[in-house]
Amino acid sequence: MGRRTGRRPGKQDTQQAILNAARQAFAERGYDGASIRQIAGSAGVDPGLVHHYFGSKQELFLAVLRPPVEPDAIIARAFEGGVDGLGERLADTFLSVWEDPSNGPAFEALLRSALANAMSASLLREFFATQIVRRLMTRLTTHVDPAEIPLRASLAASQLFGLAVIRYVLKFEPLASTPRATVVATAGPNLQRYFTGDLGGPARP
């Protein structure tokens, strides 16, 4: 048997094989549990080829999930004015992504897929945990107990994704046609409490 060279016929076929293997690995083992070497082995290529096409593991993960916006951009915009007003800025940023014609359809497709497919749901949870919560933790640790941050972030996610489903996917009225500024002013204080306020009981990591 000849030595495996690590290449498959055709660039597109090779990239797709890597993406398929990565999607399976991230969904089954999570972001931290999956490795480039394992993904390369499943795809039948050399690890160096994965790095060649996709760069780092984080870049490969984002290529699998294809979020419509960069996580760094969302967090940076939300924290532009510090912690005060974080809830309203995050709500406005999140809703503006949905209402942007170049991003909204992709965001809706991502959410619909997660609601209908267990693998897609697992990938979206990993995206939230590793790309959003970890970024929040680095910015909130001086304001709240670090052990509370995953719960606080999950509560914020329940507000944001619940709002997205009702407003943009199911299109419940009058919320669906309420001006964004009104929705932000209403939801923002709730998000702010989730991030920095009293949770009303013992928090669990």
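Residues numbered from 1 in each chain as written. Predicted model: local features only at pLDDT ≥ 70, side-chain atom pairs only at ≥ 80, totals over all residues. Heavy atoms only, no water.

## Some remarks on the overall build of the protein chain
Scanning the protein chain from N- to C-terminus turns up 10 helices and zero strands. Order of helices (α) and strands (β) in the protein chain, N terminus to C terminus: α-α-α-α-α-α-α-α-α-α. If you line up the protein chain on its principal axes, its C-alpha atoms span 65 × 35 × 30 Å. Put simply, the protein chain has 205 residues, and 45% of those count as buried. In the protein chain, the 23 positive side-chain charges and the 19 negative ones have mean positions that sit 8 Å from each other. (Helix = DSSP H or I, 4+ residues; strand = E, 2+ residues; numbered from the N terminus. Buried < 20%, exposed > 50% of the residue type's maximum accessible area, 1.4 Å probe, protein only. Lys, Arg positive; Asp, Glu negative; His and termini not counted. Charge placed at Lys NZ, Arg CZ, Asp CG, Glu CD.)

## Here's the deal with the pattern of salt bridges
Summed over all chains, the structure comprises seven salt bridges. Two residues, Arg 167 and Glu 99, come together in a salt bridge whose shortest N-O distance is 2.9 Å. Within this pair, whereas Arg 167 is found in helix H9 (residues 149-169), its partner Glu 99 is found in helix H6 (residues 86-99), the two being separated by 68 residues in sequence. With relative accessibility at 5%, the residue Arg 167 sits in the buried group. Note that Glu 108 and Arg 112 form a salt bridge whose closest N and O atoms lie 2.9 Å from each other. (Salt bridge = Lys/Arg side-chain N within 4 Å of Asp/Glu carboxyl O.)

## Section: the confidence of the model for the protein chain
Confidence in the prediction of the protein chain, expressed as mean pLDDT, is 85, and 93% of residues score 70 or more. Confidence over residues 1-9 falls short of pLDDT 50; this stretch has 15 contacts with residues more than four positions distant or in other chains. (pLDDT = per-residue confidence, 0-100. Contact = heavy atoms within 4.5 Å.)

## Digging into the nonpolar core
Core analysis: the biggest nonpolar cluster contains 64 residues, and Ile 18, Phe 26, Ile 39, Leu 60 and Leu 140 have the highest contact counts within it. Residues within four places of Leu 60 in sequence aside, it is in contact with Ile 18, Leu 19, Ala 22, Phe 26, Ile 36, Ile 39, Val 50 and Phe 54. (Core = buried A, V, L, I, M, F, W, Y, C linked by side-chain atoms within 4.5 Å.)

## A few points about the environment of Ala 157
Inspection of the secondary structure assignment puts Ala 157 in helix H9. Spatially, the C-alpha atoms of Ala 157 and Phe 128 are 8.6 Å apart, while their sequence positions differ by 29 residues.

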